[in-house]
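These are the residues of each chain, in order.
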Amino acid sequence: MIAVKKGDAPATLTNTGSTEVAKLKAAFEEDPGAFRDGTKTHAFKSSVYGAKSVKSALKQAQFDKCFACESPVSAVAHGDVEHFRPKGGFQQKASDPVTKPGYYWLAYRWENLFFSCQICNQTHKKNLFPLRKAADRCLDHTGDLSKEAPLFLDPARDDPRKHIEFVDDVPRGRKNSKRGNATIDGLGLLRDQLQEARRKTFVMAQLLADLAIDESVPAEQRNRVNTRLQEMRLATQPYSAMIDDMLRAKGL
Ligand SMILES: [Zn+2]
């Protein structure tokens, strides 16, 4: 995971999204108990939060990579517009039942949306949204979100690199960061197929790095290799955090 810099909110969210949020809040206020016990649920419009303009703005900001695992998405999948704070219900722990109604008032809010691969979003994160103190959770739109201390890193607010480091191709909490570890566990960043994909990139980069520091290799060739390596650590590239940590460790 790396930091994400989003531009301005797409008009779909500020216009239609705001109107829809007002409707969701009004529906809740009419019968809070029914939304809490699940007899009533909010109907969310994927045509708004998942609008083409929203998805492409997120893809552009994230260089077409999943916000969590940094895998390139569009070559093999459509990808999801995912809600950082889950819109329909939440869990403090994966073993907890889903508590309703979730963060419905953030369903169309730009700051709550990221582009994600389906596996990070649908298999791992789902409704999981742990807080440092569960009692601080906002249970409806009248709550104060600034009182919540989420355990998952928010790449638009936090610098994930301060919390997650790579030892070779394996991520772990930097200085045992609780938020780093919670993010790695909760988003499944150690899953086998992801490890395999990262490993391929890692092995290639490591070979190049060994060449770049091998003094028996002609300087011109080493420079060319190093140029390619420096490209691989850019935010635009898959698994850039892993490559950056590896290059730092080698003094490159
Ligand atoms: Zn992912």
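Keep in mind the model is a prediction, meaning the values are calculated, not measured. (Residues numbered from 1 in each chain as written. Predicted model: local features only at pLDDT ≥ 70, side-chain atom pairs only at ≥ 80, totals over all residues. Heavy atoms only, no water.)

Participant: Just give me the short version of the coordination of the zinc ion, but keep the residues and values in it.
Facilitator: With distances of 2.3 to 2.4 Å, the protein atoms coordinating the zinc ion are C66 (SG), C69 (SG), C117 (SG) and C120 (SG). Because the angles between the 4 donor atoms bound to the zinc ion fall within 103 to 114°, the donor set is best described as tetrahedral. Coordination of the zinc ion draws on donor residues from a single chain, spaced C-x2-C-x47-C-x2-C in sequence. Of this pair, C69 sits in the loop between α4 (52-61) and β1 (80-83) while C120 sits in helix α5 (residues 118-125), and the two are 51 residues apart along the sequence. You'll find C69 and C120 in the same group, each marked buried. (Donors = N, O, S within 2.8 Å, 3.2 Å for Na, K, Ca; no water. Tetrahedral: all angles 85-135°; square planar, octahedral: opposite > 155°, others 65-115°. Helix = DSSP H or I, 4+ residues; strand = E, 2+ residues; numbered from the N terminus. Buried < 20%, exposed > 50% of the residue type's maximum accessible area, 1.4 Å probe, protein only.)

Participant: Describe α5, with residues and values.
Facilitator: When α5 is considered as a whole, its buried residues turn out to be C120, N121 and K125. Summarising the axial view, the buried residues of α5 lie within an arc of 95°, below the 170-degree limit, and thus occupy one face. Remark: K126 follows α5 within two positions and exhibits a positive phi of approximately 45°. (Arc of directions from axis to C-beta.)

Participant: How would you summarise the nonpolar core if you had to cite specific residues and measurements?
Facilitator: Judged by nonpolar contacts, the single largest core of 60 residues is most densely connected at C66, A68, Y108, L189 and L229. Counting only elements with at least two residues in this core, the list comes to α1 (11-30), α3 (46-49), α4, β2 (113-116), β3 (164-167), α7 (192-212), α8 (219-232) and α9 (240-249). Looking at which domains feed residues into this core, each of domain 1 (11-157 + 176-181) and domain 2 (192-249) supplies at least three. Residue contacts for L229: discarding those within four places in its chain leaves A205, L208, A209, A212, I243, L247 and L252. (Core = buried A, V, L, I, M, F, W, Y, C linked by side-chain atoms within 4.5 Å. Domains from an automatic or database assignment. Contact = heavy atoms within 4.5 Å.)

Participant: An account of the packing of aromatic side chains is needed here, citing residue identities and associated values.
Facilitator: In this structure the tally under the stated criterion is 11 aromatic pairs. Measuring from ring centre to ring centre gives 6.2 Å for F84 and F114, while their planes differ by 75°; the resulting arrangement is edge-to-face. Taken together, the residues F84 in the loop between β1 and β2 and F114 in strand β2 connect sequence positions 30 residues apart. On the basis of relative accessibility, which here comes to 2%, the residue F84 falls in the buried class. One aromatic cluster is present, built from ring pairs that chain together F28, F35, F67, F84, F90, Y103, Y104, W105, F114, F129 and F152. Across the ring face of W110, the terminal group of K6 is positioned such that the distance to the ring centre comes to 5.3 Å. For K6, the ring lying beneath its charged end belongs to F114, and the centroid distance is 4.2 Å. (Phe/Tyr/Trp six-rings, centres within 6.5 Å; stacked < 30°, edge-to-face > 60°. Lys NZ or Arg CZ within 6 Å of the ring centre and 35° of its normal.)

Participant: Which residues make up the pattern of salt bridges, and what values do they have?
Facilitator: Applying the stated criterion to the full structure yields 22 salt bridges. One salt bridge connects D154 with R157, and the closest N-O pair in it is separated by 3.9 Å. Assessed through its relative accessible area of 70%, R157 is described here as exposed. Residues D158 and R179 are paired through a salt bridge, measuring 2.9 Å at the closest nitrogen-oxygen approach. Within this pair, whereas D158 is found in the loop between α5 and β3, its partner R179 is found in helix α6 (residues 178-186), the two being separated by 21 residues in sequence. Both residues of the pair, D158 and R179, belong to the buried class. (Salt bridge = Lys/Arg side-chain N within 4 Å of Asp/Glu carboxyl O.)

Participant: Tell me about α1, and please be specific about residues and values.
Facilitator: The end-to-end C-alpha distance of α1, which contains 20 residues, comes to 28 Å, matching closely the 28 Å that a straight helix rising 1.5 Å per residue would cover. At G17, α1 shows its strongest bend, of approximately 40°. For α1, the secondary structure elements touched by its buried residues are α2 (32-36), α3, α4 and β2. (Expected span 1.5 Å × (residues − 1). Bend = angle between axes of the 7 residues up to and from the residue.)

Participant: Explain the pairing of β2 to me, and be specific about the residues and the numbers.
Facilitator: Neither face of β2 is open: one carries L113 and F115, the other F114 and S116, and all of them are buried. Pairing between β1 and β2: 4 bridges, direction antiparallel. Counted as the bridge partner of H83 is L113 from β2. (Pairing = 2+ DSSP bridges.)

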